[in-house]
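Each chain, written out:
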Amino acid sequence: MLVTVTHEPDNGSEIDATVLGYLLHKHPARAQTFTAPVGDIHVFAPEARPQRCTFAMMLEVDPVGLVRDKRFRGDTRALDHYVNDRPYVASSMLAVAIGAVFRTAMTGRSDSYPDLAASPLPLRIEIPVVSVRGDDDLVERLFAPCGWSVKQEQIPLDPEFPEWGVSRLRSITLTGRLRLADALRQLYVLLPVLDDAKHYWVGDDEIAKLERAGEGWLSAHPERELITRRYLLHHASLVSQTVGAVADPPATPLRSMRADAVVQALSDVGARSVVDMGCGQGALLGRLAKDRAISRIIGVDVSARSLEQAARALQVERMSDAERQRIQLLHGSVVYRDDRLRGADAMVLMEVIEHLEPSRLSALEDAVLAGARPGAVILTTPNAEYNVLYPGLPAGALRHEDHRFEWTRAEFREWVDAAARRHGYAAEYRPVGSEHPDHGAPTQLALLRREVAA
């Protein structure tokens, strides 16, 4: 991929085109190599003149490493893990590389030239080989509404045999006046959308990625629904959380309403110390950190990688010593007792329980209600009855491929009531999201309060 800025001498500015290096946070005189899960990423400037500056990014994919990567989605026995075009075309791998190498540039921050970072620049982006699945006008439909002039060329299956026709691969050149941050974020989203595929597992965190990268341009895009559906790999539950259920699309995403309900429950019990069990990448932790009434916050997850992402999201490395003592990230599991978690005012299990095998529920009950024994427990989980309202979700299917089960409202109450009685808690239930008269709300929440012994 090539990114070029040209200097416009008639704009009254003495700044030349090599300012691109400052905006990308890369030195034009230095070739750099970065290592990422997708492979080695090489960044260099083949041209750096006052009139014109070009930065090239080349992703060198390791096909064998790709197959061995546990994050690679799909059946490990599938032949297309070994025979595919991923190392040779621009797709979700290039999008990941853009996010890894140009993360700061994508935020639009430049300490040296803040005005230029916030201003449209004459940009040219060239991608020699792009995977495109769809109609001939798909590239135009996706990029033109963002302000790009699009030039594309279909690549033949084999130049030696023109009778074989063209492939689904294109060579694309985009020109226009856009903020560099917007351009990079559009590429980050639209490259996997063009390919209609991703090389990694897609989960709930993809919604947040889409919202961050789509800020300022996606909401008004005429192909917003197509972009959302393809970016989320047509997962009905994820798409529904983003664009809403077919009957009554909520103005606020379900995951935001779920977090609001949890925060309200924490306020209702007056929690000052909170354990977020299964904290993932720290979405709820970020909200809790802003509440100064909460003096102690512990995030726990079984995934070390998720904890690393949570630490980055919370900017732990920039915290003061006092703040580091207030917020802790711990490696642990919801099915094992952990003395570090004992005595908290509240423990949250937000969309956690459905990821366990049913045979492990007794271990969860013991670890949380008998072992940690917090003053209150807040549980949220999908309401299986509501699934019929999600478009594209087959009858009997679960909302997410990683869910092991999903309970009806009666099943949820039966399990929670029994566990609460065994350990001296009283339970109450709250709907989360717009309620359907027959199927209830999309998410169900249980608030367990520990009873005081007489």
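Residues numbered from 1 in each chain as written. Predicted model: local features only at pLDDT ≥ 70, side-chain atom pairs only at ≥ 80, totals over all residues. Heavy atoms only, no water.

Asks: Which parts of the structure should I look at to understand the overall build of the chain?
Replies: Helix and strand counts for the chain come out as 16 helices and 14 strands. The buried share of the chain, reckoned over its 454 residues, is 49%. Taking the contacts inside the chain whose residues are at least 6 apart along the sequence as the reference set, 70% of them involve residues at least 24 apart. For the chain, the accessible area works out to roughly 21,900 Å², and carbon and sulfur atoms hold 50% of it. (Helix = DSSP H or I, 4+ residues; strand = E, 2+ residues; numbered from the N terminus. Buried < 20%, exposed > 50% of the residue type's maximum accessible area, 1.4 Å probe, protein only. Contact = heavy atoms within 4.5 Å. Areas by Shrake-Rupley, 256 points an atom, 1.4 Å probe, with all protein chains shown as cover.)

Asks: It is not clear to me how the pattern of salt bridges should be interpreted in this structure. Could you clarify?
Replies: Applying the stated criterion across every chain yields a total of 27 salt bridges. With a shortest N-O distance of 2.8 Å, R179 and D182 are connected by a salt bridge. By relative accessible area, R179 is classed as partly exposed at 22%. One salt-bridge network, held together by shared partners, links D135, D137, R141 and E223. (Salt bridge = Lys/Arg side-chain N within 4 Å of Asp/Glu carboxyl O.)

Asks: Got a minute to help me understand helix α16 (residues 409–423) in this structure?
Replies: In an α-helix there are 3.6 residues to a turn, and that puts residues three or four apart on one side. Helix length check: α16, at 15 residues, gives a terminal C-alpha distance of 21 Å against a target of 21 Å (1.5 Å per residue), a fit within 8%. Among the residues of α16, those classed as buried are F412, W415, V416, A418, A419, A420 and H423. As for α16, its buried residues are in contact with α15 (361–372), β12 (376–382), β13 (425–432) and β14 (443–450). Positive backbone phi, approximately 80°, marks G424, located one or two places after α16. (Expected span 1.5 Å × (residues − 1).)

Asks: I'm lost on the environment of L2 in this one. Help?
Replies: Considering the arrangement of structural elements, one finds L2 in strand β1 (residues 2–6). L2 sits in the partly exposed class, given a relative accessible area of 29%. Along the backbone, L2 and T173 are 171 residues apart, and their C-alpha atoms lie at a distance of 9.4 Å. Contacts of L2, omitting those with residues within four sequence positions, involve T54, F55, A56, R124, I125 and E126.

Asks: Is there a simple way to explain the packing of helix α7 (residues 180–195) against helix α9 (residues 224–231) in this structure?
Replies: Two numbers describe a pair of packed helices, the interaxial angle and the distance between the axes. In contact at an axis separation of 9 Å, α7 and α9 are set at 80° when each is read in the N-to-C sense. Judged by the angle between their axes, α7 and α9 are roughly perpendicular. On α9, the residues that touch Y188, V189, L190, P192, V193 and L194 of α7 are I227, R230 and Y231. Of the residues contributing to the contact of α7 with α9, the split by class is eight nonpolar, no polar and one charged. (Axes fitted to C-alpha atoms, helices over the stretch in contact; angles between N-to-C directions. Parallel < 35°, antiparallel > 145°, perpendicular 65-115°, else oblique. Nonpolar A, V, L, I, M, F, W, Y, C, P; charged D, E, K, R; others polar.)

What is shown is where atoms sit, not what they do.
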